[in-house]
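What follows is each chain in one-letter form.
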Amino acid sequence: QQKHAASAIPDPQSVPTTRPGRVLNVTGGMRFRFTISGLVQESFETSFVLEGQKKLAIDRFISEKIPKESGRSKFEEFDRFIAGKLAGGRWMIAVLRLVDIHDEDAVAYKAFYKRYEEQGRIPLFKIGSDCKLFLVTPKFTRARCLGGYISSYTASYAVILLRAGTI
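Residues numbered from 1 in each chain as written. Predicted model: local features only at pLDDT ≥ 70, side-chain atom pairs only at ≥ 80, totals over all residues. Heavy atoms only, no water.

1. Some thoughts on helix H2 (residues 75–87)
As a reminder, the rule being used: Helical segments are the DSSP runs of H or I of at least four residues, strand segments are the runs of E of at least two, and each set is numbered from the N terminus. By this rule the span expected of a helix is its residue count minus one, scaled by 1.5 Å. Two residues form a contact once any of their heavy atoms are found within 4.5 Å.
Along its 13 residues, H2 runs 18 Å from first to last C-alpha, staying within 8% of the 18 Å computed at 1.5 Å per residue. Next to the buried residues of H2 lie strand S3 (71–74), strand S4 (91–99), strand S5 (121–128), strand S6 (131–136) and strand S7 (157–163). Remark: Gly 89 follows H2 within two positions and exhibits a positive phi of approximately 85°.

In C-alpha cells form, the structure reads like this:
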C-alpha cells in the first residue's frame, strides 16, 4: 500500500507548466501586459487563447509586455482596413481571445474598454516590423472581417495582422 500512496504524488517534471489552449509569450509565460495611454491611462495583464485557426504557431511570438499604444482606429476604418488587407492574400490575422483578467486588473481593463467603446475606437499596438495588434472590445466583435474567427461576442480579442507565412 505504501507503494500506491507514493505513486499518487505527482512527479514535478510531469506537472504541466501551461494551461491547455493558452498562448505562450516569448519567455514561455502565459501573461501579457497592456499599457493603454491614449484615451485613458491604464494597464492590465491577461492571457490569450487562440480562436479559429488552431494550427497557427503563435506561441512565443509575442512579448509579455505589449508595446505602448501607437494609435486608434474608428470601428468602420478597422473593419475596412483588415478586410482590405485580407483580400489581397499577402496578409493574415491571428485572433486571440482575452482570458484570465485577474481582479486586480479588472478595474483598469473595464475603465479602458468602456472609454474606448464610448469613443468608438479600437487601439493599435505595433508589435513587429510588419505586425500590428488591434485590441477589439465586445462592442466591436461584430466586425465583418472577424466573421468565422471568434466564439463570443461578449469577449475582447487581440487581432494580430501580419504578413502571410510569418507564423
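The rest of the description comes next.
2. Overview of the environment of Cys 145
Just so we agree on the cut-off: Residue burial is assigned from relative accessible area. The probe radius is 1.4 Å, only protein chains are included, and a residue is buried under 20% of its type maximum, exposed over 50%, and partly exposed in between.
In this fold, Cys 145 is placed in the loop between S6 and S7. According to the relative accessible area criterion, Cys 145 is buried, its value standing at 7%. Here the alpha-carbon distance between Cys 145 and Asp 79, two residues 66 residues apart in the chain, equals 5.8 Å. What Cys 145 contacts, discounting residues up to four positions off in sequence, is Phe 78, Asp 79, Ile 82, Ala 83, Leu 86 and Ile 93.

3. Concerning the side chain of Asp 79
Our working definition: Side-chain atoms alone can form a polar contact between residues adjacent in sequence; in general such a contact is a pair of N or O atoms within 3.5 Å, and within protein one must be able to donate a hydrogen while the other accepts it.
On the secondary structure map, Asp 79 appears in helix H2. For Asp 79, a relative accessible area of 7% puts it in the buried group. Separated by 3.2 Å, the side chain of Asp 79 and the backbone nitrogen of Arg 144 make a polar contact. Among the polar contacts made by the side chain of Asp 79, one reaches the main-chain amide nitrogen of Cys 145 at a distance of 2.9 Å.

4. Looking at the pairing of S5
This is how it is decided: When DSSP finds two or more bridges between a pair of strands, those strands are recorded as paired.
Bridge count between S3 and S5: 4 bridges; the pairing is antiparallel. Along S5, the bridge assignment pairs Ser 73 with Ile 122. Bridge count for S5 against S6 is 4 bridges, and the pairing is antiparallel. If you follow Phe 125 over to S6, its bridge partner there is Leu 133. Hairpin connection between S5 and S6: a loop of 2 residues separates the two successive antiparallel strands.

5. Thoughts on the packing of aromatic side chains
Cut-off, in case you're wondering: Geometry of aromatic contacts follows a simple scheme: Phe, Tyr and Trp rings, the Trp one being its six-membered ring, pair when their centres are within 6.5 Å, and the pair is stacked under 30 degrees between planes, edge-to-face over 60, tilted otherwise. Both a distance and an angle decide whether a charge sits over a ring: NZ of Lys or CZ of Arg must be within 6 Å of the ring centre and within 35 degrees of the ring normal.
Enumeration over the complete set of coordinates arrives at 12 aromatic pairs. For the ring pair Tyr 109 and Tyr 113, a centre distance of 5.1 Å and an interplane angle of 50° mean the geometry is tilted. Residue Tyr 109 and its partner Tyr 113 are both found in helix H3 (residues 103–119); the two are separated by 4 residues, about one turn of the helix. Tyr 113 carries the same exposure label as Tyr 109, and that label is buried. Connected via pairs of aromatic rings, a cluster forms that spans Phe 32, Phe 34, Phe 44, Phe 48, Tyr 109, Phe 112, Tyr 113, Tyr 116 and Phe 125. Residue placement shows Arg 142 over the ring face of Tyr 153; its charged tip is 4.0 Å from the ring centre.

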